[in-house]
Amino acid sequence: MSTKDFIEKDYYKVLGVPKDATEAEIKKAYRKLAREFHPDANKGDTRAEERFKDVSEAYDVLGDAKRRKEYDEARALFGSGGFRPGPGGGGQFNFDLGDLFGGPQGGGPQGGAGGFGGGLGDVFGGLFNRGGATTRTAPRRGQDIDSEVTLSFTEAVSGATVPLRMSSSAACKACSGTGDKNGTPRVCPTCVGTGQVSRGGGGGFSLTDPCMDCKGRGLIAQDPCQVCRGSGRATSQRTMQVRIPAGVADGQRIRLRGKGAPGERGGPNGDLYVVVHVDTHPVFGRRGDNLTITVPVTFPEAALGGEIKVPTLGGTPVTLKLPPGTPSGRTMRARGKGAVRKDGTRGDLLVTIEVAVPRELDDAARAALESYRAAAGDEDPRTALFEAAKGE
């Protein structure tokens, strides 16, 4: 990208975020747009491809704290239209030092007025260089990758290692990232291998742009690789074994550092973000670190009390003591039988009692219930309910 583009493009507008957006807001906006306009999701749509490139370019700047600071300072100093076409035309852009220091050209104090101290080179880093000096292309961090995985209920509770197939930009394997079919590129004669060129801007300053002849790589393919077309980069398909920690919840987003796309020119890898989806279980549910289960009991068990066995997830059953007169809907707790927490301990198993009503009764059972109803007399459990309703 040219210095002019760096200053004149409104990257905040490209990502749809305000100028005071936090790092997290910028990253969230980028990931949303990247998924929407990714070439894999928009086959043959050139407009989506261009939009994806714009979004990626904007995030390359705003997603890096140092580059974002340089970008904000440059736009604050020049404004979005601060470059003026020079008299030579032909795409050259000059600026007046009076614009920089608030006075006539060359009239500012030595070292830069306005508190810039070390000069424009310190303010803009690699954007402006004094005396036409060039800087070697810096390492570039690999892009972050978003992925999704679906786990069974048991895998989510206990943890699992799952394979993830991912697509990302990486060094072309056909040419080992050289861009040359035979692996023997030559040094770009225009930038002498730096990947950047400088052009005069007046007042002894020069502007640094990526070299257009080698696309900023510093190398030119003598026989361009047919796979990557001389770029040295190609789409890489890889399968990675990813460990999902125990106790992960449905919809949780896990960050795996350094597992994203490979960096360029020795830069670090990006990160991998995995959104986890968890299937339901026919018996167990989940509430935070606790598991839940509904256990049916007979009326005699609920009325008279006793011991009941309760299944656990992947373990041996536990025995709970049911107090006499246990109502339907009461929740009991089996400690340490829930999901695994981050510290390695386990949550609890919450057991909800449900009194089971038989659908059919034989003669003996019917006679026994009739005897019970007669023995209970006119006792009506709803009496208190009606009394409370009258009080309202």
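Residues numbered from 1 in each chain as written. Predicted model: local features only at pLDDT ≥ 70, side-chain atom pairs only at ≥ 80, totals over all residues. Heavy atoms only, no water.

## Thoughts on the overall build of the chain
Piece 1. Looking only at helices and strands, the chain features 11 helices and 18 strands.
Piece 2. Out of the 392 residues in the chain, the part that is buried amounts to 36%.
Piece 3. Summing over all exposed atoms, the chain offers an accessible surface of approximately 23000 Å²; the carbon and sulfur share of this is 51%. (Helix = DSSP H or I, 4+ residues; strand = E, 2+ residues; numbered from the N terminus. Buried < 20%, exposed > 50% of the residue type's maximum accessible area, 1.4 Å probe, protein only. Areas by Shrake-Rupley, 256 points an atom, 1.4 Å probe, with all protein chains shown as cover.)

## Brief notes about helix 10 (residues 363-376)
Piece 1. For helix 10, with 14 residues, the first-to-last C-alpha span of 20 Å sits near the 20 Å given by 1.5 Å per residue.
Piece 2. Backbone geometry just downstream of helix 10 places G377 in the positive-phi region, at approximately 70°. (Expected span 1.5 Å × (residues − 1).)

## Focus: the sheet that holds strand 11 (residues 253-256)
Piece 1. An order of 4-12-11 is seen for the three strands of this open sheet, with the pairing classed as mixed. Each having just a single partner strand, strand 4 (145-151) and strand 11 make up the two edges of the open sheet. Pairs of neighbouring strands in the sheet enclose a mean axial angle of 30°, with direction left out of account.
Piece 2. Across four bridges, strand 11 lies against strand 12 (residues 272-278) in antiparallel orientation. The residue bridging L256 from the neighbouring strand is L272, located in strand 12. (Pairing = 2+ DSSP bridges. Axes fitted to C-alpha atoms, helices over the stretch in contact; angles between N-to-C directions.)

## Notes on the side chain of D348
Piece 1. Its location among the elements puts D348 in the loop between strand 17 (331-334) and strand 18 (349-355).
Piece 2. Not counting chain neighbours up to four residues away, the residues in contact with D348 comprise D289, N290, L291, R333, A334, R335, G336, K337 and G338. (Contact = heavy atoms within 4.5 Å.)

## Quick word on the side chain of D144
Piece 1. Relative to the assigned elements, D144 resides in the loop between strand 3 (128-130) and strand 4.
Piece 2. Polar contacts involving the side chain of D144 include one to the side chain of R31, which spans 3.4 Å.
Piece 3. At 2.9 Å, the side chain of D144 and the side chain of R141 are in polar contact. (Polar contact = N/O pair within 3.5 Å; in protein donor to acceptor, adjacent residues only side chain to side chain.)

## Side note on the packing of aromatic side chains
Piece 1. Per the stated rule, a full pass over the model turns up four aromatic pairs.
Piece 2. Ring geometry for Y12 against Y71: centres 6.1 Å apart, planes inclined by 40°, an arrangement best described as tilted. Residue Y12 is found in helix 2 (residues 11-15), and its partner Y71 is found in helix 5 (residues 65-78); the two are separated by 59 residues along the sequence. Like Y12, the residue Y71 is buried in the burial classification.
Piece 3. Measuring from ring centre to ring centre gives 4.1 Å for Y30 and Y59, while their planes differ by 5°; the resulting arrangement is stacked. Note that Y30 is positioned in helix 3 (residues 23-37) and Y59 in helix 4 (residues 46-62), a separation of 29 residues in sequence. In this structure, Y30 and Y59 share a single accessibility class: buried.
Piece 4. Taken together, the aromatic side chains of Y11, Y12 and Y71 make up a single cluster linked through ring pairs.
Piece 5. Over the ring of Y273 we find R31; its NZ or CZ atom is 3.6 Å from the centre of that ring. (Phe/Tyr/Trp six-rings, centres within 6.5 Å; stacked < 30°, edge-to-face > 60°. Lys NZ or Arg CZ within 6 Å of the ring centre and 35° of its normal.)

## Details of the sheet that holds strand 17
Piece 1. Pairing in this open sheet of four strands is mixed, and the strands run 13-14-18-17 from one edge to the other. Only two strands of the sheet have a single partner each, and these edge strands are strand 13 (285-287) and strand 17. Sheet twist, expressed as the mean angle between neighbouring strand axes with direction ignored, is 35°.
Piece 2. Relative to strand 18, strand 17 runs antiparallel, the two sharing four bridges. Within strand 18, the position partnered with R333 by the bridge is L350.

## A look at the environment of A302
Piece 1. Mapped onto the elements of the fold, A302 is located in helix 9 (residues 299-304).
Piece 2. Between the alpha carbons of A302 and T326 there is a distance of 4.9 Å; along the sequence they are 24 residues apart.
Piece 3. Once you skip the residues sitting within four places of it in the chain, A302 turns out to touch V297, L322, P323, P324, G325, T326 and V355.

## So, the pairing of strand 18
Piece 1. Sheet analysis places strand 14 (residues 290-297) next to strand 18, joined by seven bridges and oriented parallel. The residue bridging V297 from the neighbouring strand is V355, located in strand 18.

## Re the nonpolar core
Piece 1. I244, L272, V276 and V310 are the most contacted members of the largest nonpolar core, which totals 39 residues.
Piece 2. One finds L15, I26, V61 and L62 within the second-largest nonpolar core, a separate group that totals 19 residues. (Core = buried A, V, L, I, M, F, W, Y, C linked by side-chain atoms within 4.5 Å.)

## What about the pattern of salt bridges?
Piece 1. Throughout the structure, instances matching the rule amount to 14 salt bridges.
Piece 2. The closest approach of N and O atoms between K53 and E49, which form a salt bridge, is 3.9 Å. With K53 and E49 both in helix 4 and four residues apart, this pair spans about one turn of that helix.
Piece 3. Of the residues examined, E49 reaches a relative accessible area of 35% and is grouped as partly exposed.
Piece 4. In this structure, the salt-bridge partner of E50 is K53, at a minimum N-O distance of 3.8 Å. Of this pair, E50 and K53 are both found in helix 4, three residues apart, which corresponds to roughly one turn of the helix.
Piece 5. For E50, a relative accessible area of 43% translates into the label partly exposed.
Piece 6. Members of the salt-bridge network, linked through shared partners, are R31, R35, R141, D144, D146, R253, R255 and D271. (Salt bridge = Lys/Arg side-chain N within 4 Å of Asp/Glu carboxyl O.)

## Points about a nonpolar patch on the surface
Piece 1. Among the surface-exposed residues, V187, V192 and L219 lie close enough to one another that they form a single nonpolar patch of about 250 Å² accessible area.
Piece 2. In this fold, L219 is placed in strand 9 (residues 219-220). (Patch = residues over 30% accessible without salt bridge, like charges linked within 9 Å, V, L, I, M, F, W, Y side chains within 5 Å.)

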